[in-house]
Amino acid sequence: MKIVKLILLLAVLGIGGGATVMYSGIINVAADEPHSDLVYWLLAETRENSIKIAAQNIEVPDLSDPELLLTGGADYEFMCATCHLKPGQSESDMSLGLYPAPPNLAVSNDNHKDHEHGDAKQAAGQSFWVIKHGIKASGMPAWGKTHDDQRIWAMVAFIKRLPKLTPEQYQILTAID
Amino acid sequence: MKTLTKIALAMISTLTLSLAANAHDPSMHVKKAKKANCSKMDHSNMDMNDPVAIAMMKKCMKQAEADKKAMPGMAHSKMKKAEKKDAHNEHDH
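Residues take numbers from 1 onward in each chain, read along the sequence in its written order. Numbering of ligands from 1 and lettering of chains from A proceed in the order in which they are written. Local features are withheld for residues below a pLDDT of 70 in this predicted model, meaning they are given only at 70 or higher, and side-chain atom pairs are given and counted only at 80 or more; totals for whole chains, interfaces and linings count all residues. Where side-chain values are given, they derive from all heavy atoms of the structure, hydrogens and water being excluded.

Caption draft 1: Representation of the overall build of chain A. Runs of H or I in DSSP of at least four residues are treated as helices and runs of E of at least two as strands, each being numbered from the N terminus. Broken down by element type, chain A carries eight helices and zero strands. When the elements of chain A are put in sequence order from the N terminus, they spell out α-α-α-α-α-α-α-α. For every residue, the accessible area (1.4 Å probe, protein chains only) is compared with the maximum for its type, and the residue is labelled buried under 20%, exposed over 50%, or partly exposed between those bounds. Residues counted as buried form 30% of the 177 residues belonging to chain A. Total accessible area on chain A stands at roughly 11600 Å², and carbon and sulfur atoms take up 62% of it. Taken as two groups, the 14 positive and 21 negative side-chain charges of chain A have centres that lie 10 Å from each other. A 1.4 Å probe and the Shrake-Rupley method give the accessible areas. Residues count as covered only by the protein chains that appear here. Working convention for charge: Lys and Arg count positive, Asp and Glu count negative, and His plus the chain ends are omitted. We put the charge of a Lys on NZ, of an Arg on CZ, of an Asp on CG and of a Glu on CD.

Okay, here's the thing in structure tokens:
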């Protein structure tokens, strides 16, 4: 009985504390004010694990068809490059202003070490999931609402090759004919 | 009849003018599709088994074909002749 009372007391205290934080307006939601290291770590771990679990059973199709690079490339240039940049461009209004910042998809993945994507297939499945469903409370939209899986896989194929592309190759692949 | 013609004329000119104004709206120029810069393609170290290289060739061949169709008046045959003449001249020197 004592334990139940203690748990109830803690629950009331927890809810009270939460409500105080919520209604006092003490939390700063400004995007130009970074999280503390602890909060950042908590959010990053939660996100990484959520994506890993959600994407683990996705069947990755063959992504070697050159045609995929052309559809995926045109879509990337039109819909993603403002946030995720392109070869020869290191910043944009979006890449600087958004928080969490959109990762630069035109540089190799091993450059940012907080992503341990495992093998290439797994990484492709995770990219697909993120593009299709987006990421809550970040600038990343869910493109699956307006694009079918085929087009999303084409973008996955494209961003897989993106870090190795020169600005000239990027221009040719993404130009609209 | 005369007033009708006048009205028609006025309507036509208003319509054409407003359409022209529309066409020059700056927002339409913001993200104009650019053609692929195929002359910048680096053929020297191109691996034709690489999907990136194949995709670039596809895009540029398609664009070249479209360009040819778009400019039927351009006399490509004459251009070649001129080039040949130049080359010949150089030999003579």
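Caption draft 2: Quick peek at the interface of chain A and chain B. Any two residues whose heavy atoms approach within 4.5 Å are treated as being in contact. Opposite the 17 residues of chain A that make contact, chain B presents 19 residues. In total, about 1700 Å² of surface goes out of reach between chain A and chain B, with carbon and sulfur atoms giving 64% of it. A 1.4 Å probe defines the accessible area here, and the buried area is the portion of it lost by two parts on being joined, summed over both. The largest share of the area that chain A buries against chain B comes from P66, I172 and D177 of chain A, three residues that together contribute 32% of it. For this document, the term salt bridge refers to a Lys or Arg side-chain nitrogen within 4 Å of an Asp or Glu carboxyl oxygen. There are two salt bridges connecting chain A and chain B. For K58 of chain B, the salt bridge identified is with E67 of chain A, shortest N-O distance 2.8 Å. Per-element tally for the side of chain A that touches chain B: the top contributor is helix α3 (residues 66–79) of chain A, with six residues.

Caption draft 3: Representation of the state of the cysteines within the structure. In plain terms, two cysteine sulfur atoms within 2.5 Å form what is called a disulfide here. Applying the stated rule across the entire model yields one disulfide over all chains. Shown here is the disulfide that connects C38 of chain B with C60 of chain B, its sulfur atoms set 2.0 Å apart. The disulfide joining C38 of chain B to C60 of chain B has a torsion of about -90° about its S-S bond and is therefore left-handed. Highlighted residues: C38 of chain B in the loop between α1 (2–23) and α2 (51–70) and C60 of chain B in helix α2, separated in sequence by 22 residues. Left without a disulfide partner, C80 of chain A is nearest to the cysteine sulfur of C83 of chain A, which lies 8.6 Å away.

Caption draft 4: Representation of the nonpolar core within the structure. We call a set of buried Ala, Val, Leu, Ile, Met, Phe, Trp, Tyr and Cys residues a nonpolar core when their side-chain atoms join them within 4.5 Å. If you look at the biggest cluster of nonpolar residues, it comprises 40 residues, and the most contacted ones within it are L63, Y76, I131, F158, L162 and L173 of chain A. Secondary structure elements with two or more residues in this core: α2 (37–55), α3, α6 (120–133), α7 (149–161) and α8 (167–174) of chain A together with α2 of chain B. The biggest single contributor to this core is α7 of chain A, with eight residues. Not counting chain neighbours up to four residues away, the residues in contact with Y76 of chain A comprise A81, H84, L85, L105, F158, I159, L162 and Y170 of chain A.

Caption draft 5: Broad picture of helix α1 (residues 2–24) of chain A. Residue and element names in this part refer to chain A. A helix is expected to span 1.5 Å multiplied by its residue count minus one. A rise of 1.5 Å per residue sets the reference length of α1, with its 23 residues, at 33 Å; its end C-alpha atoms lie 33 Å apart and thus fit the reference within 8%. Little of α1 sits inside the fold, with zero of its 23 residues counted as buried. Positive phi shows up at G25, right after α1, with a value of about 75°.

Caption draft 6: Quick peek at the environment of M48 of chain B. All names here are of chain B. Mapped onto the secondary structure, M48 falls in the loop between α1 and α2. Relative accessible area serves as the criterion here: at 44%, M48 is assigned to the partly exposed category. Through-space distance from the C-alpha of M48 to that of K2 is 70 Å; in sequence the pair is 46 residues apart. For M48, the residues in contact, after removing those within four places along its chain, are A53, I54 and M57.

Caption draft 7: Structural context of α2 of chain B. Helix length check: α2 of chain B (20 residues) gives 28 Å between terminal C-alpha atoms against 28 Å at 1.5 Å per residue, within 8%. Where α2 of chain B is buried, its residues meet α3, α7 and α8 of chain A.

Caption draft 8: Inspection of the packing of α2 of chain A against α6 of chain A at higher detail. Residue and element names in this part refer to chain A. Only the stretch in contact is used when fitting a helix axis, every axis being a line fitted to C-alpha atoms; angles between N-to-C directions are given from 0 to 180 degrees. Packing of α2 against α6 leaves a shortest axis separation of 9 Å and a crossing angle of 105°. Relative to α6, α2 is oriented roughly perpendicular. Together, I51, K52, A54 and A55 of α2 and Q122, G125, Q126, W129 and V130 of α6 make up the contact between the two elements. Grouping the constituent residues of the contact of α2 with α6 by class yields five nonpolar, three polar and one charged. Angular relationships are summarised with four words: roughly parallel below 35 degrees, roughly antiparallel beyond 145, roughly perpendicular across 65 to 115, and oblique for the angles in between. The classification used treats Ala, Val, Leu, Ile, Met, Phe, Trp, Tyr, Cys and Pro as nonpolar, Asp, Glu, Lys and Arg as charged, and all other residues, Gly among them, as polar.

Caption draft 9: Local environment of the pattern of salt bridges. Under the criterion given, the structure shown has seven salt bridges over all chains. Taking the shortest distance from any N to any O, the salt bridge between E77 of chain A and K86 of chain A comes out at 3.3 Å. One salt bridge connects D67 of chain B with K35 of chain B, and the closest N-O pair in it is separated by 2.6 Å. You can see D67 of chain B sitting in helix α2 and its partner K35 of chain B sitting in the loop between α1 and α2, a full 32 residues away along the chain. Classification of D67 of chain B by relative accessible area gives partly exposed; the value is 23%.

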